[in-house]
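These are the residues of each chain, in order.
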Amino acid sequence: WSIALPFVKAFGPDILVLPTARGNPFFYHTLTCMLSDQRLRVETIPDIKKAAELAGYEIGLGYPRHAVVPAKITLILPSTRSYPQDARLTADGKELELSDAKKIAEFINEIYLSRWRGLVKSILETISETSKLEVLRKVFDYIALNDSPPLPLRVAVAEVNAAPHSKDAYRAYHLAFRKVSSALSRAGGLKVSPSAALNLTEYTRNYEQYPPASGELRFYACSVCGEVPAVPKSLEVAEDINSSVSEDKLVTIERRNGRLTGERLCPFCMIKRISTTRKVFPRILEELLEKHRGPELPRFPSVSSVAAINFKKAVIDAAAKRPETILPLLREVIKPREDINELLAPPVTYGPEQELLKQIGQKFKGDDFQVLGTLAIGDAEDLLLVGGQRARVSKLAKAVRKVLSSEPALNTYYAMIKGDGDDVGKIVDGGIGNVKAIPTFKNLFQYLSTLTPNKDLGNVLRMIGDNKLEEAAQRLSEGLGREVSPEKIHELLALLKESLEVESEDEDNWKRRFLVSPAYHAALSRSLMTLATQISKEISDPRVGGFVVYSGGDDVLAVSPVKAALNVTLTVRSLYGGWPSMGFLKQNDIESEKDSFVPSLGDLGQSLAITYAHYRYPLSDVLKSAINALKE
Ligand SMILES: [Zn+2]
């Protein structure tokens, strides 16, 4: 989104085709920031406030809650010929004139690189207070981290030069879209790991600069991604990072018999981890998305928290019923945090934990609130699941079971939900006749014939579809009262064929496609964006207790407690086709109490996989299993 931002600001939201700005919480965040620059408060502009709320943008939160912007963006930029005075923009102090495709691509790459560098810089500036952390800056320099964003970006620009009212003018969008799609698919032919761009050889060659901690190797592989070497003396560095961002569990490290053990992170995984902290997050937000207020700070749940949420809930329910039994046992399990009230000051946590806190706040005060509050927001791993705790926890679980007369499963498993729309590429590309879920679209002309109320025209289109050009020309001449030759139809068909043809063994393949238009993509895009926000809302509902990693409309990645996984996956799938009725998604218009509807994806298919995993199993391996399950 931060790449699209300068373009949206210069040319308005309609330049965005995929994803759309309509119903897009990131757009409403940008709009709110722009208004606030003009000293206007979005709360005082009812129409915008309403639209933002419908899009799921929470103004008070200060940032879009869910990741709903896909990794692919399609923009239509204005013409330099018709509007030369308007076809320029500025970002990061650089001006771009849209006359040269190569320059546009360079400009976009520069924005991307500059956002990445800004992100690294804000992290280093926020944490670099100790001499050990100075090492980080050196390592980042050495491996050229600044020049190597963790995701490669590919940009293709298609220029359309068509005289007004020429044949090409009518198919300009289609041709441009075809050009960029094929350029991108050629560019994506070879995919290498982004870490290949790091200067690792040089880095290891100068190994003498990084003396290892005593009794340790000089280099370790990162314990999260396993791909890139961990930063030197990673455990000592992690200790300093934890204290510099005041989150002692940010990177897991333990001192055992005087020696450190724990997670060893590479620069990429380190940056990811640090950007989630309360200290750094506001800076990152400002760097990437701009800021209109001090944001409510997020707390990202760990998978063990997601796994254990229903157990936490059972303990709190039982404590509400029989505090005299449960609270003493709970006190044996956890040490209440004294700073609990401070932690709650910006009261944003993982939604289900937030609900638990509310529940506790209504019933308990003082010491009892502290111990239950610590249970609610504490990381489940250190609270319940490690070492000597087990015996005490199982005593607590037994008591809870007695009070509630039901089984409070202390679950160490969570569910990963991964979904992907079937044939989305073909649909976006206009290749509808090759989409399995749409068997009715056999032939473009037959399809068009069903759209016209004019029976004669319908017949003519069917004849063209059946290659009966003579007959079609005759009928057309009669109907129009002027001569239309079969050659004329043939000429038009050749033009259509040229636009629609893709490499295929089947000669008639082009007839199963149609020309894509901005309107077609805008409708699809609106539907995907609405799905993305509604799916996020369902999964993160406190009753479900899930956490959305990414939701892009057709694809989704989320984690949820085991108990809720099947149901919420079914909800996700139902939304894809349309809810409450097939083909449409309902949006409540809060103020007028009227419903509005957005098209959904109807009959199109979506595959979903649920993978159950132990919270200690490496997340990257769980993700691989989920992807494989989805392929099957
Ligand atoms: Zn890593």
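Residues numbered from 1 in each chain as written. Predicted model: local features only at pLDDT ≥ 70, side-chain atom pairs only at ≥ 80, totals over all residues. Heavy atoms only, no water.

(A) Expanded view of the overall build of the protein chain. Helices and strands together make up the secondary structure of the protein chain, namely 26 helices and twelve strands. Put simply, the protein chain has 632 residues, and 44% of those count as buried. Placing the 82 positive and 79 negative side-chain charges of the protein chain at their respective mean positions leaves the two points 4 Å apart. (Helix = DSSP H or I, 4+ residues; strand = E, 2+ residues; numbered from the N terminus. Buried < 20%, exposed > 50% of the residue type's maximum accessible area, 1.4 Å probe, protein only. Lys, Arg positive; Asp, Glu negative; His and termini not counted. Charge placed at Lys NZ, Arg CZ, Asp CG, Glu CD.)

(B) Layout of the domain arrangement of the protein chain. Assigned domains of the protein chain: these are domain 1 (1-99), domain 2 (102-152 + 192-298), domain 3 (303-411), domain 4 (417-423 + 519-631) and domain 5 (439-510). One C-alpha centre belongs to domain 4, the other to domain 5; they are set 39 Å apart. (Domains from an automatic or database assignment.)

(C) Spotlight on the coordination of the zinc ion. On the protein side, the zinc ion has Cys222 (SG), Cys225 (SG), Cys266 (SG) and Cys269 (SG) as donor atoms, found 2.2 to 2.3 Å from it. Site description for the zinc ion: donor spacing in sequence, C-x2-C-x40-C-x2-C. On the criterion of sequence distance, the pair formed by Cys222 in the loop between helix H8 (200-205) and helix H9 (234-244) and Cys266 in the loop between strand S6 (259-262) and helix H10 (267-275) is long-range, its members being 44 residues apart. Side by side, Cys222 and Cys266 carry an identical accessibility label, which is buried. (Donors = N, O, S within 2.8 Å, 3.2 Å for Na, K, Ca; no water.)

(D) Looking closely at helix H20 (residues 444-451). Of the residues making up H20, those classed as buried are Leu444, Phe445 and Ser449. The buried residues of H20 occupy an angular sector of 135° when the element is viewed end-on, so they sit on one face. In this structure, H20 carries Thr450 and Leu451 as exposed residues pointing more than 90 degrees from its buried face. In the core, the buried residues of H20 are packed alongside helix H21 (455-465) and helix H23 (486-500). Between the side-chain oxygen at the start of H20 and the backbone nitrogen of Phe445 there is a gap of 2.7 Å, and the oxygen is on Asn443. (Arc of directions from axis to C-beta. Contact = heavy atoms within 4.5 Å. Polar contact = N/O pair within 3.5 Å; in protein donor to acceptor, adjacent residues only side chain to side chain.)

(E) How the structure looks around the pattern of salt bridges. Applying the stated criterion across every chain, the model contains 34 salt bridges. Between Arg22 and Asp14 there is a salt bridge whose closest N-O contact spans 3.5 Å. Owing to a relative accessible area of 59%, Asp14 belongs among the exposed residues under this scheme. A salt bridge links Glu263 to Arg273, with the shortest nitrogen-to-oxygen separation between them at 3.0 Å. Here Glu263, found in the loop between S6 and H10, pairs with Arg273, found in helix H10; they are ten residues apart in sequence, far enough to count as distant. Judged by its relative accessible area of 19%, Glu263 is buried. Here the residues in one salt-bridge network are Lys121, Glu125 and Arg283, joined through shared partners. (Salt bridge = Lys/Arg side-chain N within 4 Å of Asp/Glu carboxyl O.)

(F) Structural context of the side chain of Ser560. Secondary-structure assignment places Ser560 in strand S9 (residues 556-561). Under the relative-accessibility criterion, Ser560 is labelled buried at 0%. Not counting the four nearest positions on each side in its chain, Ser560 is found in contact with Val306, Tyr414, Ala415, Ile417, Gly545, Gly546 and Ala565.

(G) Region of the structure containing the environment of Leu493. Mapped onto the elements of the fold, Leu493 is located in helix H23. The class for Leu493 is buried, based on a relative accessible area of 13%. The sequence separation of Leu493 and Lys511 amounts to 18 residues, and the corresponding C-alpha distance is 10.0 Å. Residues contacting Leu493, with those up to four places away along its chain left out, are Phe445, Ile464, Leu469 and Trp510.

(H) Spatial organisation of helix H2 (residues 25-37). In this model H2 runs 18 Å from its N-terminal to its C-terminal C-alpha over 13 residues, within 8% of the 18 Å that 1.5 Å per residue would give. For H2, the tally of buried residues reaches ten of 13 residues, placing the bulk of the element in the interior. For H2, every residue scored as buried is listed here: Pro25, Phe26, Phe27, Tyr28, His29, Thr30, Leu31, Thr32, Cys33 and Leu35. Elements that come into contact with the buried residues of H2 comprise helix H1 (5-11), helix H3 (46-54) and helix H24 (518-540). Measuring from the backbone nitrogen of Phe26 back to the side-chain oxygen at the start of H2 gives 2.8 Å, which picks out Asn24 as the cap. The first or second residue beyond H2 is Arg39, which carries a positive phi of 60°. (Expected span 1.5 Å × (residues − 1).)

(I) Representation of the sheet that holds strand S8 (residues 547-551) within the structure. Strand order in the open sheet formed by four strands is S8-S9-S7-S12, and the pairing between neighbours is antiparallel. Where the open sheet ends on each side, the last strands, each with one partner, are S8 and strand S12 (606-614). Each adjacent strand pair in this sheet contributes to an overall mean axis angle of 15°, direction not counted. For strand S7 (residues 413-421) and S12, the ladder comprises nine bridges, and the chain directions are antiparallel. Opposite Ile417, over in S12, you have Ile610 as the bridge partner. (Pairing = 2+ DSSP bridges. Axes fitted to C-alpha atoms, helices over the stretch in contact; angles between N-to-C directions.)

(J) Looking closely at a nonpolar patch on the surface. A cluster of nonpolar side chains, Tyr413, Leu566 and Tyr612, forms an exposed patch at the surface whose accessible area comes to about 340 Å². For Leu566, the location among the structural elements is in helix H25 (residues 562-577). In this structure Leu566 comes out as exposed when scored by relative accessible area, which is 61%. (Patch = residues over 30% accessible without salt bridge, like charges linked within 9 Å, V, L, I, M, F, W, Y side chains within 5 Å. Areas by Shrake-Rupley, 256 points an atom, 1.4 Å probe, with all protein chains shown as cover.)

(K) Geometry of the packing of helix H22 (residues 469-480) against H23. Contact geometry for H22 and H23: axes closest at 8 Å, N-to-C directions at 110°. Overall, the two elements H22 and H23 adopt an arrangement that is roughly perpendicular. By crossing handedness, the relation of H22 to H23 is classed as right-handed. In this structure, H22 contributes Leu469, Glu470, Ala472, Ala473 and Leu476 to the contact, and H23 contributes Pro486, Ile489, His490 and Leu493. (Parallel < 35°, antiparallel > 145°, perpendicular 65-115°, else oblique. Left-handed = near helix turned anticlockwise from the far one by under 90°.)

(L) Local environment of the environment of Ser581. Its location among the elements puts Ser581 in the loop between H25 and strand S10 (584-589). Along the chain, Ser581 and Gly602 lie 21 residues apart, while their C-alpha atoms are 9.5 Å from each other.

(M) Structural context of unusual backbone geometry. Omega for the bond connecting Leu18 with Pro19 falls within 30 degrees of zero, at -5°, which places this linkage in the cis form. Locating Pro19 in the fold gives a position in the loop between strand S1 (16-18) and H2. Cis geometry marks the peptide bond from Trp579 to Pro580; its omega dihedral reads 5°. Within the secondary structure layout, Pro580 lies in the loop between H25 and S10.

(N) Layout of the pairing of S7. Most of S7 is tucked away: seven of the nine residues are buried. By the bridge criterion, six bridges tie S7 to S9 in an arrangement that is antiparallel. Each bridged residue has a counterpart across the sheet, and for Lys418 the counterpart in S9 is Leu557.

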